[in-house]
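Topology and contacts: notes
Below, each chain spelled out in residue letters.
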Amino acid sequence: MNDILVGKGDVDVWLLPKYANRHGMIAGATGTGKSVSLMLLAEGFSKLGVPVFLADVKGDLAGLAVAGTMNDRLQARVDKLGIHWAPNANPVVFWDIHGRAGHPVRTTISEMGPALLARLMDLNDIQSGVLEVAFKFADDNGLLLLDLKDLRAMMAWASDNSKDLSQHYGLVSPTSIAAIQRALLSLEQADGERFFGEPALDLADFMRQDLSGRGIVNILAADQLVLKPKLYTTFLLWMLSELFEKLPEVGDLDQPKLVFFFDEAHLLFDDAPPALRQRVEQVVRLIRSKGVGVYFCSQNPDDVPDVILGQMGNRIQHALRAFTPRDQKAVKAAAETFAPNPKIKVAEVITQLGVGEALVSTLQEGGVPMPVDRALITSPGCRIGAITPDERAAVRSRSPVGGKYDTTVDRESAFEKLSERAQQAPPPQAPGAPAGGKGAQQQGGGWTGMAKDMIFGTSRRQGMLETMAKSVVRNAGGQLGRSILRGVLGSISKG
């Protein structure tokens, strides 16, 4: 049987792979067993050959890479469940934006797009519009924005040429440019500089199997990243956007192509503008047809908007504590979202669940949700807990993608091209100096200067070489073309 045994109650509760892309929710108070439920599902999907991505916020999910060991507590649980348990180490690839606890994971400024970047830098609507103009100019002129120094050079150029930009693209005020430059400085100080650059992450590397056919479990070290909530959520949103944009429509498969776990989901929706919420709702609703299942993990189910919560077909609800009015509201909200079971008073039981117990409802044949059942969650075969630095290093040394991402690449982009333009600009003429004559010819004036300007261009007018280069850029495929494209969350102006 290929179904995943989630737990045992009055009946055995199974997660059916063909309905796993209908998304899911794992919720519950701290210390009630959410992490074990997440590890159980990740291990189950890996055994089916389904790749998994998850963010390790507390450092304990890394235990998926190491086989568990039997102890008295685990033996008692296995006996109570009446299941066969075997130690199991999953094929894991570690990732880390900082490059310390895993392979560096990067994207480019161009791929991120102005909409998500504006959220990351906490820009207002006017400043976001100026950033859109900068991106539009860069796209029109074939200027790749790969890292923060490219964007810094682009904003410096925009400051020097704000009048020309305003004439062609809309008002660009020096005040807004200065605000963006300050936000860039803050982003650099928050280690954002490590996130932008090349080689950029190829999401195909997240969708791998090992030689035995098991799905790779991709674990992002996020214990430090989650301390910068906007960088954390923007990165995960970018990933969802890229998956949505690049994967083909596949309809309903026998099992997902990828399962994406979004831990600390409340951070995604805290202070999110309405436009961004709408895009997230759109992606979650439609990405199912791309074969991707999205599973949100959070303390309270009401951390996720009702529109998105309604898309969650598979639910694991651990205990909630009704100590405060907000807690009582969350208990009521959770009770109302389950398929009813006359044997269970959900609002009462949800506060009485022990550690490792949960109220579970999954989609069964025909996509019909099973009545909610109180179940004891089964135990994964991996280690439940953190791993040592030596164990992490050993796993990383066996990674199939280390040679691709561990060395930074810095190719020609906007920074180099704009610097070259600045160097080619003619020096300012001294007051009272003659406009022509022999002196002017010696400094590049006359016919020689005119020919040079026609070929190489000036600071105000592009030359023949630049015009030809732009034509090549606009028609080129490959990496350059891919870098300028952005997904539904990347830019509101994508055609």
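Computed from a prediction, not measured in an experiment: that's the story for all the values here. (Residues numbered from 1 in each chain as written. Predicted model: local features only at pLDDT ≥ 70, side-chain atom pairs only at ≥ 80, totals over all residues. Heavy atoms only, no water.)

**Quick look at the nonpolar core**
- L117, L131, Y232, F235 and F296 are the most contacted members of the largest nonpolar core, which totals 85 residues.
- Setting aside residues up to four positions removed in sequence, L131 forms contacts with P114, L117, A118, M121, L123, L151, M155 and I180.
- Listed in part, the 38 residues of the second largest apolar core include A42, L48, A65 and I219. (Core = buried A, V, L, I, M, F, W, Y, C linked by side-chain atoms within 4.5 Å. Buried < 20%, exposed > 50% of the residue type's maximum accessible area, 1.4 Å probe, protein only. Contact = heavy atoms within 4.5 Å.)

**Points about the side chain of R214**
- Looking at the element boundaries, R214 is found in the loop between α8 (192–195) and β7 (217–221).
- In this structure the side chain of R214 is engaged in a polar contact, spanning 2.8 Å, whose partner is the side chain of N88.
- Within polar-contact distance, the side chain of R214 engages the side chain of N90 at 2.4 Å.
- Excluding residues that lie within four positions of it along the chain, R214 makes contacts with E43, S46, K47, G49, N88, A89, N90, P91, R208 and Q209. (Helix = DSSP H or I, 4+ residues; strand = E, 2+ residues; numbered from the N terminus. Polar contact = N/O pair within 3.5 Å; in protein donor to acceptor, adjacent residues only side chain to side chain.)

**A few points about the confidence of the model for the chain**
- Mean pLDDT over the chain works out to 84, with 85% of the residues at or above the 70 mark.
- A low-confidence stretch, residues 427–447 stays under pLDDT 50, and its non-local contacts, those more than four residues away or across chains, total six contacts.
- This stretch, residues 491–495, has a pLDDT under 50; its non-local contacts, to residues over four places away or in other chains, come to 11 contacts. (pLDDT = per-residue confidence, 0-100.)

**Considerations on unusual backbone geometry**
- For the bond running from E198 to P199, omega is 5°, close enough to zero to count as cis.
- Here P199 lies in the loop between α8 and β7.
- Of note in this structure, H23 is not a glycine but carries a positive phi near 70°.
- Inspection of the secondary structure puts H23 in the loop between β2 (12–15) and β3 (24–27).
- A relative accessible area of 2% places H23 in the buried class.
- Even without a glycine there, the phi angle at D122 is positive, about 60°.
- Mapping D122 onto the fold places it in the loop between α3 (109–120) and α4 (125–140).

**With respect to empty space enclosed by the protein**
- Enumeration according to the criterion identifies two cavities of 30 Å³ or more in this entry.
- Taken as a whole, the largest cavity spans an internal volume of roughly 50 Å³.
- Lining the largest cavity are V6, L15, M25, I26, L41, Y295, N314, R315, I316 and T362.
- At the level of secondary structure, the elements contributing two or more residues to the lining of the largest cavity comprise β3 and β10 (314–317).
- With three residues, the top contributor of residues to the lining of the largest cavity is β10.
- In terms of residue class, the lining of the largest cavity is built from seven nonpolar, two polar and one charged.
- Roughly 30 Å³ of volume is contained in the second largest cavity.
- Looking at the second largest cavity, the residues that line it are P17, K18, Y19, N21, G251, L253, Q255, P256 and G291.
- Partitioned by chemical class, the residues of the lining of the second largest cavity number four nonpolar, four polar and one charged. (1 Å grid on protein atoms, 1.4 Å probe; cavity = no way out; pocket = protein on both sides within 12 Å on 5 of 7 lines; lining within 4 Å. Points joined across faces, edges and corners; volume = space filled by probe spheres on them. Nonpolar A, V, L, I, M, F, W, Y, C, P; charged D, E, K, R; others polar.)

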